[in-house]
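Coordinate analysis (summary)
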Amino acid sequence: MRLILMGPPGAGKGTQAKVVADHFGIPAISTGDIFRANVSQGTPLGKKAQEYMDAGEYVPDEVTNLMVRARIDEPDADPGFLLDGYPRTLAQVEELDGMIRHTGHELDAAVVLTVDPDEIVARLVQRAEVEGRTDDTEEVVRRRQEVYVEQTEPLIEVYRRRGIVHEIDGMGAVEEVTKRIFCALDVVPQS
């Protein structure tokens, strides 16, 4: 199974990614985790990514594309993968298409979690307090939502035209959302 998990920051993608990936026996690949690891290690890439993340902006495509390509080329991704946080732009859609085509497969599904915007703000501000994260202030969260609407929502239409979008209500208990995802994906043919 080769799938992407989409939705605005704070919709619950990270929470669902591991469970869904385990269900299909594939790695969950999160660009956010990759960025945060580089930031915590103080790498040059991490410092550059931090500037964008602190401003609520996306890390530039050229950096993100290289990281994703390297990750899906690892052996554990041979049977498939779940991408969380990628693609986020139309240029990244084209890049991902090329990466997957190179493996002889296709993208099987695009799962879109839908959540009320005010619920997202509340979730992320609470998470920031619990985890001590500096990148989740209310102002930054609202800016991320704006960026998502501007840059990422158009991708949903691209995947909808391909017939692979599965919109899932992301509100409610984690287990309920997981069940909705499995109901949608367990009938998807895999490339």
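An account of the accompanying structure is given in this report.

1. Looking at the environment of Q16
The residue Q16 is located in helix 1 (residues 13-24) in this model. A relative accessible area of 3% places Q16 in the buried class. Each C-alpha atom of the pair Q16 and I156 lies 19 Å from the other, and the pair is 140 residues apart in sequence. Excluding residues within four positions of it along the chain, Q16 makes contact with L5, L113, V174, V177, T178 and I181.

2. Thoughts on the sheet that holds strand 3 (residues 81-84)
Judged by pairing direction, the sheet is parallel, and its 5 strands sit side by side in the order 2-3-1-4-5 without closing on themselves. Where the open sheet ends on each side, the last strands, each with one partner, are strand 2 (28-30) and strand 5 (165-169). Within this sheet the neighbouring strands show an average axis-to-axis angle of 20 degrees, counted without direction. Strands strand 1 (2-6), strand 2, strand 3 and strand 4 (109-114) of the sheet are contacted by helix 1, whose axis makes an angle of about 180 degrees with strand 3.

3. Quick look at the side chain of N65
Checked against the element boundaries, N65 lands in helix 4 (residues 61-72). There is a polar contact of 2.6 Å between the side chain of N65 and the side chain of Y86. In contact with N65, not counting residues within four places along its chain, are Y86, Q92, E95 and M99.

4. Focus on the pattern of salt bridges
Close approach of charged atoms allows side chains with opposite charge to pair. Applying the stated rule across the entire model yields 15 salt bridges. One salt bridge in this structure joins R143 and E57, with 3.2 Å as the shortest N-O distance. One end of the pair, R143, is in helix 7 (residues 138-161); the other, E57, is in the loop between helix 3 (44-54) and helix 4, with 86 residues separating them in the sequence. Judged by its relative accessible area of 24%, R143 falls in the partly exposed class. The class of E57 is partly exposed, set by a relative accessible area of 30%. What you see here is one network of salt bridges that share partners, running through E57, R143, E146 and E150.

5. Here's the deal with the packing of helix 6 (residues 117-131) against helix 7
With their axes 10 Å apart at the nearest point, helix 6 and helix 7 run at an angle of 140 degrees to one another. With respect to each other, helix 6 and helix 7 are oriented oblique. For the crossing formed where helix 6 meets helix 7, the hand is right-handed. Contacts from P117, D118, I120, V121, L124 and V125 of helix 6 reach helix 7 at E138, V141, R142 and Q145. Each residue belonging to the contact of helix 6 with helix 7 can be placed in one class, and the counts come to 6 nonpolar, 1 polar and 3 charged.

6. Some words on the environment of L83
Note on placement: L83 falls in strand 3. On the basis of relative accessibility, which here comes to 0%, the residue L83 falls in the buried class. Expressed as a C-alpha distance, the spacing of L83 and I72, which sit 11 residues apart in the sequence, is 9.3 Å. When neighbours within four sequence positions are excluded, L83 is seen to be in contact with L3, I4, L5, I29, V68, I72 and L96.

7. Notes on helix 2 (residues 31-41)
Along helix 2, the positions that sit buried rather than exposed are T31, G32, F35 and N38. All buried residues of helix 2 project into a common sector of 130 degrees when viewed along the axis, lining one side. In helix 2, the exposed positions angled more than 90 degrees off the buried face are occupied by S40 and Q41. Summarising the contacts, the buried residues of helix 2 are in contact with strand 2, helix 3, helix 4 and strand 3. One or two positions beyond helix 2, positive phi appears at G42, with a value near 70 degrees.

The rules behind these values
- Residues numbered from 1 in each chain as written.
- Predicted model: local features only at pLDDT ≥ 70, side-chain atom pairs only at ≥ 80, totals over all residues.
- Heavy atoms only, no water.
- Helix = DSSP H or I, 4+ residues; strand = E, 2+ residues; numbered from the N terminus.
- Buried < 20%, exposed > 50% of the residue type's maximum accessible area, 1.4 Å probe, protein only.
- Contact = heavy atoms within 4.5 Å.
- Pairing = 2+ DSSP bridges.
- Axes fitted to C-alpha atoms, helices over the stretch in contact; angles between N-to-C directions.
- Polar contact = N/O pair within 3.5 Å; in protein donor to acceptor, adjacent residues only side chain to side chain.
- Salt bridge = Lys/Arg side-chain N within 4 Å of Asp/Glu carboxyl O.
- Parallel < 35°, antiparallel > 145°, perpendicular 65-115°, else oblique.
- Left-handed = near helix turned anticlockwise from the far one by under 90°.
- Nonpolar A, V, L, I, M, F, W, Y, C, P; charged D, E, K, R; others polar.
- Arc of directions from axis to C-beta.

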